[in-house]
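Breakdown of the fold
Here is what each chain is made of, one letter per residue.
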Amino acid sequence: MLSNFLRKQQYNYVRNTFAKSAESVVKKQLQEIRKAGTWKAERIINTQQSASIGVEGTRNKVLNFCANNYLGLSNSPELMEAAKDVIDSHGLGLSSVRFICGTQDIHKKLESMIAQFHRMDDTILYSSCFTANGGLFEGFVDPVKSKVAILSDSLNHASIIDGIRLNKKARRMRYNHIDMQDLENKLIEAQDQDVRIITTDGVFSMDGDVAPLTKICDLADRYDSIVMVDESHATGFFGKTGRGASEYCNVLDRVDLINSTLGKALGGSSGGFTTGKQCYIDMLRQRSRPYLFSNTLAPAVVGASIKVFDILLKSTELRDKLERNTLYFREKMTNAGFDILAGEHPIIPIMLYEGRLANEFADEMLKRGIYVIGFSYPVVPKGEARIRVQISAGHTKQQLDKAIDAFIEVGISTTTITRLEPNGSKKYLRFLENSTNFYFPVSSSGDEAIISLYSDTCLFDLYFTTGMDYPTESDDDKLKLSKTQKSHACLSTISLEKKETKNNAQIAQLLYVTSKTDNTTNRLAIKVTVQQTTNIEKTTASLVISVILLAICCLITMIIIVFLSRKGNTDRKR
Amino acid sequence: MLSNFLQKQQYNYVRNFTSKSAERIVKQQLQEIRNAGTWKAERIINTQQSASIGVEGTWNKVLNFCANNYLGLSNSPELMQAAKDTIDSHGLGLSSVRFICGTQNIHKKLENMIAKFHRMEDTILYSSCFDANGGLFEGFVDPVKSKVAILSDALNHASIIDGIRLSGKARKMRYNHIDMQDLENKLIEAQDQDVRIITTDGVFSMDGDVAPIEKICDLAERYDSVVMVDESHATGFFGKTGRGASEFCNVLDRVDIINSTLGKALGGSSGGFTVGKKCYIDMLRQRSRPYLFSNTLAPAVVGASIKVFDILLKSTELRDQLEKNTLYFREKMTKAGFDILAGEHPIIPIMLYEGKLANEFADEMLKRGIYVIGFSYPVVPKGEARIRVQISAGHTKEQLDKAIDAFVEVGKLKGCLKK
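Residues numbered from 1 in each chain as written. Chains lettered and ligands numbered in written order. Predicted model: local features only at pLDDT ≥ 70, side-chain atom pairs only at ≥ 80, totals over all residues. Heavy atoms only, no water.

Between chain B and chain A, the contact holds 115 residues from the first and 115 residues from the second. Taking both partners together, chain B and chain A bury about 10,000 Å²; carbon and sulfur atoms supply 55% of that area. Run the count over chain B and chain A and you get 14 salt bridges. Residue Lys-108 of chain B is joined to Glu-42 of chain A by a salt bridge in which the shortest nitrogen-to-oxygen separation is 3.8 Å. Counting every contact that joins chain B to chain A gives 58 residue pairs in polar contact (both at pLDDT 80 or more). Element by element, the count of residues in the side of chain B that touches chain A is highest for helix α2 (residues 20-36) of chain B, at 11 residues. Among the residues making up the side of chain B that touches chain A, the classes are represented as 44 nonpolar, 38 polar and 33 charged. (Contact = heavy atoms within 4.5 Å. Buried area = accessible area lost by both parts, 1.4 Å probe. Salt bridge = Lys/Arg side-chain N within 4 Å of Asp/Glu carboxyl O. Polar contact = N/O pair within 3.5 Å; in protein donor to acceptor, adjacent residues only side chain to side chain. Helix = DSSP H or I, 4+ residues; strand = E, 2+ residues; numbered from the N terminus. Nonpolar A, V, L, I, M, F, W, Y, C, P; charged D, E, K, R; others polar.)

All names here are of chain B. Between the first and last C-alpha of helix α15 (residues 355-367) there are 19 Å, a value that for 13 residues agrees with the 18 Å anticipated at 1.5 Å per step. Burial in α15 covers these residues: Leu-357, Ala-358, Phe-361, Ala-362, Glu-364, Met-365 and Leu-366. Looking at the buried residues of α15, the elements they touch are β2 (62-64), β10 (347-353), β11 (370-371), β12 (374-375), β13 (385-390) and α16 (397-414). (Expected span 1.5 Å × (residues − 1). Buried < 20%, exposed > 50% of the residue type's maximum accessible area, 1.4 Å probe, protein only.)

A complete count under the given rule lists 12 cavities of 30 Å³ or more for this structure. For the largest cavity, the lining is made up of 32 residues, of which Phe-293, Ser-294 and Asn-295 of chain A together with Thr-261 and Lys-264 of chain B are closest to its centre. Sort the elements by how many residues they give to the lining of the largest cavity and helix α6 (residues 129-139) of chain B lands first, with 3 residues. Among the residues forming the lining of the largest cavity, the class breakdown is 8 nonpolar, 21 polar and 3 charged. (1 Å grid on protein atoms, 1.4 Å probe; cavity = no way out; pocket = protein on both sides within 12 Å on 5 of 7 lines; lining within 4 Å. Points joined across faces, edges and corners; volume = space filled by probe spheres on them.)

Let us look at the environment of Leu-79 of chain B. Looking at the element boundaries, Leu-79 of chain B is found in helix α3 (residues 77-90). Separated by 224 residues in sequence, Leu-79 of chain B and Gly-303 of chain B place their C-alpha atoms 8.3 Å apart. In this structure Leu-79 of chain B touches Leu-92 of chain A together with Leu-73, Gly-267, Ala-304, Lys-307, Val-308 and Ile-311 of chain B, once residues within four positions along its chain are discounted.

On to the domain arrangement of chain B, then. Residue and element names in this part refer to chain B. Per the domain assignment, the segments of chain B are domain 1 (35-64 + 317-414) and domain 2 (77-314). The distance between the C-alpha centroids of domain 1 and domain 2 comes to 28 Å. Each partner contributes to the interface: domain 1 provides 15 residues, whereas domain 2 provides 16 residues. Across the interface of domain 1 and domain 2, roughly 1,200 Å² is buried in total on both sides, 62% from carbon and sulfur atoms. Broken down residue by residue, the surface that domain 1 buries against domain 2 is led by Arg-319, His-345 and Ile-347, which jointly contribute 44%. Taken together, domain 1 and domain 2 are joined by 1 salt bridge. (Domains from an automatic or database assignment.)

What follows deals with the environment of Gly-236 of chain B. All names here are of chain B. Turning to its location among the elements, Gly-236 is positioned in the loop between β7 (226-230) and α10 (245-248). Taking the C-alpha atoms as reference points, Gly-236 and Phe-375, separated by 139 residues in sequence, lie 25 Å from one another. Ignoring sequence-local partners within four residues, the contact set of Gly-236 consists of Leu-71, Gly-242, Leu-266, Leu-312 and Arg-319.

All names here are of chain A. Strand order in the open sheet formed by 3 strands is β1-β2-β11, with mixed pairing between adjacent strands. Edge positions in the sheet fall to β1 (52-53) and β11 (370-371), since each of these pairs with one other strand and no more. Examined bridge by bridge, β1 and strand β2 (residues 62-64) share 2 bridges and lie antiparallel to one another. By the bridge assignment, Ser-52 is partnered in β2 with Leu-63. (Pairing = 2+ DSSP bridges.)

Okay, the confidence of the model for chain A next. Per-residue confidence for chain A averages 84 on the pLDDT scale, and 79% of its residues sit at or above 70. When the criterion is pLDDT under 50, residues 473-489 of chain A qualifies, and its contacts beyond four places in sequence or with other chains add up to 48 contacts. (pLDDT = per-residue confidence, 0-100.)

Here the UniProt feature "transmembrane region" (unreviewed entry) sits at residues 541-564 of chain A. Note that residues 541-564 of chain A is 100% helix and 0% strand, and that its end C-alpha atoms are spaced 35 Å apart. (UniProt positions renumbered as here; feature names shortened; annotations may be inferred.)

It is worth spelling out helix α14 (residues 317-336) of chain B at this point. Residues and elements named next belong to chain B. Taking 1.5 Å as the rise per residue, α14 with 20 residues should run 28 Å; its terminal C-alpha atoms sit 29 Å apart, in good agreement. Among all positions in α14, only Arg-319, Leu-322, Asn-325, Thr-326, Phe-329, Arg-330 and Met-333 are buried. Taken around the axis of α14, the buried residues stretch over an arc of 125°, which confines them to a single face. Those residues of α14 that are exposed and aimed more than 90 degrees away from the buried face are Glu-317, Lys-324, Leu-327, Glu-331 and Lys-335. Looking at the buried side of α14, the elements it contacts are β10, β13 and α16. Following α14 by one or two positions, Gly-337 has its phi on the positive side, about 110°. (Arc of directions from axis to C-beta.)

Predicted coordinates in regions of low pLDDT should not be interpreted in detail. Summary statistics for chain B give a mean pLDDT of 92 and a share of 95% for residues scoring 70 or more. Per the prediction output, this complex has pTM 0.87; the corresponding ipTM is 0.92.

Once that is clear, we can look at the pattern of salt bridges. Residues and elements named next belong to chain B. Tallying each qualifying case throughout the model produces 66 salt bridges over all chains. The salt bridge partner of Glu-409 is Arg-368, with a shortest N-O separation of 3.0 Å. Of this pair, Glu-409 sits in helix α16 while Arg-368 sits in the loop between α15 and β11, and the two are 41 residues apart along the sequence. Using a relative accessible area of 46% as the deciding quantity, one classes Glu-409 as partly exposed.

All names here are of chain A. The element strand β10 (residues 347-353) is extensively covered by neighbouring structure, given that 7 of its 7 residues are classed as buried. Because side chains alternate across β10, one face comprises the buried residues Ile-347, Pro-349, Met-351 and Tyr-353, and the other comprises Ile-348, Ile-350 and Leu-352, equally buried. With 6 bridges connecting them, β10 and strand β13 (residues 385-390) associate as antiparallel partners. Opposite Pro-349, over in β13, you have Arg-388 as the bridge partner.

What follows is the structure, given as structure tokens:
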């Protein structure tokens, strides 16, 4: 006993002394992550996943707008019952890979249903779409025997990137995000390979934008390539009958392979699959490493998924509800003045541009009972931080309204949202309550400001002055820009002048807003885009004038020369 | 309508005409696999996983000797009830990665229990040990900022090999199977790196042999390296209290990271984990790609797994039963004249050496109601084909006897018994 104890102490000492290298390296890197502000903390949920959830640390329930629970099925009583029934009939687990003793009748049934849903030949199941992507690129054709080129969109999901990395012998090429010209060039380059596969997300998870699958299929047909689409953020709810981005782009019959997940809209427990032509699926069953070396899908998940596809094959009700919710939310938020990347998908990025602002905004939203997450660098490019909202069919109209109100309320309480546009102009978005002042900086006089106003709660007038003081009734400099009814997106363009203040700070003019009603819930958003067009115009104008002057001078010089030479000739003749 | 139809026909024509390259190549390679005799066919099971199962195509039930169902828990009524209760309380799924809105209180509870079971500080859950291995090597330290060397046993599991391949800039080194001299040489070579990690299966799945973890830990301490052990074929039933090969070798307190699965002995539904020092787990939570980009573990699995660890922390009854069964089977088969790789693990390779023989033997066994699988090249080296038997705590003595009798009968038929 004693010797055991002593020995343990000795080894602990030895261990603590010797293992320090890796430990100290890791601890140092953890510190760096904390300092960089990119630390991810986990919030603990103490209810089922739903539109409304309980989060530890908040007293009341909060509305969840950041789950992939698009159809609201993650706590569907029907699916839960189906899962429990299958546990009773088929057991808890199989403890086996598929080809040894891990295939039950329900696995084959689910594979048939998925293939039928996607109008494909066959399906192969995995424990997640992450794993499906991991197993596809090395598995679907032997890269030792044939030369393979994989062409991947630069913003594809991490799992696709990892799956491609696992195929060392293949020629890996990346094309710029949804850039069809670049893809075509790369396809031409890859013509010396035996097999080409183009791989893309159907819907990209950060922006909610849809891949141009029609054009991709056209290129694939022309350059003899197969097309693989990852429909994780689309299967079950995107497209006319929820068959994904391929259906949305009308190319469901032209795509060769579809990878998707059962762990998002379709129940959310776990599971993934690859569906496609029989020969590709057969090959994956023989070669795909996650399939050969990892546990088969649990019966409960299979049972619940069979029920999901039953539901989806019968009706598009949930998908339609989600579409309505999405349109409503997008419209309301756009009308309120927020910068939202255009689209039709339930992924709605509310652009805030600055990382710290995105995080603070999310914290403030949580205080108001709305659970959202801010995404900033490195998850999204620098200067494009956002709050990514994900709408669910489970959200009610009241819940959507509550979220929209909270967004506007927080928008009012935060500082101006600023963005440096790619063309060099600056954009400011500011949410105002009644009778507030809004200043915005200007780099040089002669700049132009395009002003957009958004409000659906009040009538307002917008005043523009050249001084620092509030305009009064008798102020001649006061320029009333617009008189707007309850509407949005009223545009005006004004020229700006720089003004000096007492302490020599250069500011722009003052935008002053006054509301016309006594409505205490006045909400107004002002978007100002400042661009330096006059300088360019001036330069262009002066350039044009100098060219004309130069041309005139040349002409005059030529005339003089001709005149003189003629005179000379005449003199000689005499 | 008509134009749609015509358009579809046109594209079908174009598609069939132009997609042929990949399709043709894949069909050709499929044919080659069939010709080589390495085609894997799936048998469909129409009952729960158990010691005795129903297989489509056979009249009666057969005895299953090739599942990783070591403790017989894959259809345990207790665990099934726990799974169902958790579905009722915590829902069907979470549709989210962990750090967004995919962490429930039960996830933290399970992580604590696993850490407590292994006497470690913290745990990180994955959807499978395949993912755990996939996420570890790139995740546990940033290979761009520090120089990392990964030393891996030559016969490690495919998932470890894939995980190492994903580690990017790290220096990847392989040492000969359980060859400590080779490992030491490689460790010396790797001294110029900032961080070294030795990774090995605790128990190797083809031979059932145990890694010499004690010697590995000695070397790791001498040469300043982290030790990672994959205990997938050990957690729950191997070692004195079922704490794995690390416990079996008496070095549970000296191993830094343990990866294992909930999808074998511990219920068999799904799930995997990495358990170790807090700083490594914290780092994995920040960096591990399967953790950051893949769905969280389903509540039903978490609930059943909590129940499993409850059972394991209280009693070693199942583990003891398995040990008894294993000893009995090994003894009887050795006495009967079969060539069995020596060991104490429930994985028992019955060596037949020749690939075709192994497959025929397995077919004959199935006719006698015993479900086993023959393994041949390329899964195992040429000339080392075998039938790999996996014993379960769920097997009764009668079932073991039936299997042994069948083995002896077929062995006599095929003439592979030692005289």
